[in-house]
Amino acid sequence: MAVGGIVLLTGATGHVGFATLKALLQHGYTVHAAVRSDAKAAMVRSTLPQGLAEDRLDFITIPDFLQDGAFDEAMKGVKYVVHVASPLPSNASEGDDLDEVLVKPAVQATLGVFESAQKAATVQRIVVTSSNAATVPLSVLMGQDDGQIYGPDYRSDYLEAPYMNVAMVGYVASKIAALRRAEEWVATCKPAFDVIHIHPSFVEGRNDLTTSIQDFKSGTNAFVLEPVLDWKTDNPKAPSVVHVDDVALAHVRALDPKIEGNQSFLLASSGQDSMQWDDAKTYAKKHFPDAVAKGLLPNNGSAPTSSGKADNSKTQKVLGIKLQGYEDMV
């Protein structure tokens with residue numbers, strides 16, 4: 001049965017966005033998905049499970065999300081907005097100005113969504129996909145545990161260009177800047193709608209849109225595949241992961257008007273288990289023993305894990321989501 005009100009969704013062509021689209025439809029929402037081309041719309045529609053609420057899904061083509069008023073037309077009659085779209089590290093090539101490729105577009109698109117929603121005057125809530133990268137110091141993300149437990153209300157300091165000329169650092173800077181500018185905008189403009197920020201850690205789990213090995217290498221699922229597919233790395237990563245389906249569900253739950261607005265939710269498994277990235281090898285052998293025995297999964301890579309914990313208690317209590325473990329993601 002359809003839920004009252006239209007949801008405008010951005011980012012449906014990405015890992016989190018596509019999972020969120022499915023979850024919104026499964027929970028009865030009518031969705032207008034903003035995409036950059038008709039070809040993108042066709043790709044998304046063809047990948048959805050057959051018969052999944054096709055009568056409650058429309059696509060709106062917006063070639064340039066960064067144009068002034070880009071979302072004005074799409075926002076008409078919309079009750080909720082789920083803004084997932086944001087530049088990824090893979091958008092940047094060596095030598096690119098990371099400010100221009102990652103940071104400024106992330107901020108501009110987010111504020112553009114807010115401004116169009118304010119003009120529409122029908123929007124009641126916007127849910128934004130942020131990142132735990134905006135709620136944890138960069139030093140901690142890079143493996144320097146300071147002994148602190150970070151929750152959803154910590155705000156990382158702005159980072160300055162050129163972001164070590166590293167795309168991932170530029171991405172972190174983009175999430176920090178988008179979050180802080182969004183909260184500043186709300187405090188200054190006092191819109192009729194409220195905003196909820198969702199802060200996922202490393203998002204893992206099946207990506208229905210993956211069609212090539214390169215797709216695996218460019219997303220966070222590559223971190224799971226490193227130990228399983230003999231991809232060795234010396235760079236430790238925080239023990240902080242979340243299942244893509246839990247991220248999608250959090251966006252849907254956050255639309256519930258019973259959930260208070262203008263707050264943040266952290267999505268990270270840290271604190272639930274003693275997750276190690278190399279545990280993927282144990283789970284691969286357990287669930288895919290024939291593939292390991294035949295060498296299809298070499299299972300001899302390595303992915304070191306740093307230390308650190310995040311407080312996800314608010315997400316579990318308020319949104320009612322018991323986060324899945326690393327084994328489910330593998």
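Definitions and cut-offs
- Residues numbered from 1 in each chain as written.
- Predicted model: local features only at pLDDT ≥ 70, side-chain atom pairs only at ≥ 80, totals over all residues.
- Heavy atoms only, no water.
- Helix = DSSP H or I, 4+ residues; strand = E, 2+ residues; numbered from the N terminus.
- Rg over C-alpha atoms; globule rule 2.2 N^0.38 Å.
- Buried < 20%, exposed > 50% of the residue type's maximum accessible area, 1.4 Å probe, protein only.
- Contact = heavy atoms within 4.5 Å.
- 1 Å grid on protein atoms, 1.4 Å probe; cavity = no way out; pocket = protein on both sides within 12 Å on 5 of 7 lines; lining within 4 Å.
- Points joined across faces, edges and corners; volume = space filled by probe spheres on them.
- Axes fitted to C-alpha atoms, helices over the stretch in contact; angles between N-to-C directions.
- Parallel < 35°, antiparallel > 145°, perpendicular 65-115°, else oblique.
- Nonpolar A, V, L, I, M, F, W, Y, C, P; charged D, E, K, R; others polar.

Enquirer: Mind laying out the overall build of the chain, listing which residues take part and the relevant values?
Expert: The number of helices and strands found in the chain is twelve helices and eleven strands. Relative to its length of 330 residues, the chain is compact, with a C-alpha radius of gyration of 19 Å against a globular reference of 20 Å. With 330 residues in all, the chain has 52% of them scored as buried. By sequence separation, contacts in the chain at least 24 residues apart represent 78% of the contacts at least 6 residues apart.

Enquirer: Report on the layout of surface pockets, specifying residues and quantitative values.
Expert: For the second largest pocket, the calculated volume is near 480 Å³. Forming the walls of the second largest pocket are 17 residues, and the residues nearest its centre are Phe216, Asn221, Val224, Leu225 and Val330. Listing elements by their share of the lining of the second largest pocket, those giving two or more residues are helix 6 (213-218) and helix 7 (221-228). If you tally residues by element for the lining of the second largest pocket, the top one is helix 7, at four residues.

Enquirer: Mind laying out the packing of helix 7 against helix 9 (residues 279-287), listing which residues take part and the relevant values?
Expert: Angle between the axes and distance between the axes: these two values describe a pair of packed helices. Two elements in contact, helix 7 and helix 9, have axes separated by 8 Å at closest approach and are oriented at 75°. Judged by the inter-axis angle, helix 7 sits roughly perpendicular to helix 9. Between helix 7 and helix 9, the contacting residues are Val224, Pro227 and Val228 on the first element and Ala280, Lys281 and Ala284 on the second. Taken together, the residues of the contact of helix 7 with helix 9 break down into five nonpolar, no polar and one charged.

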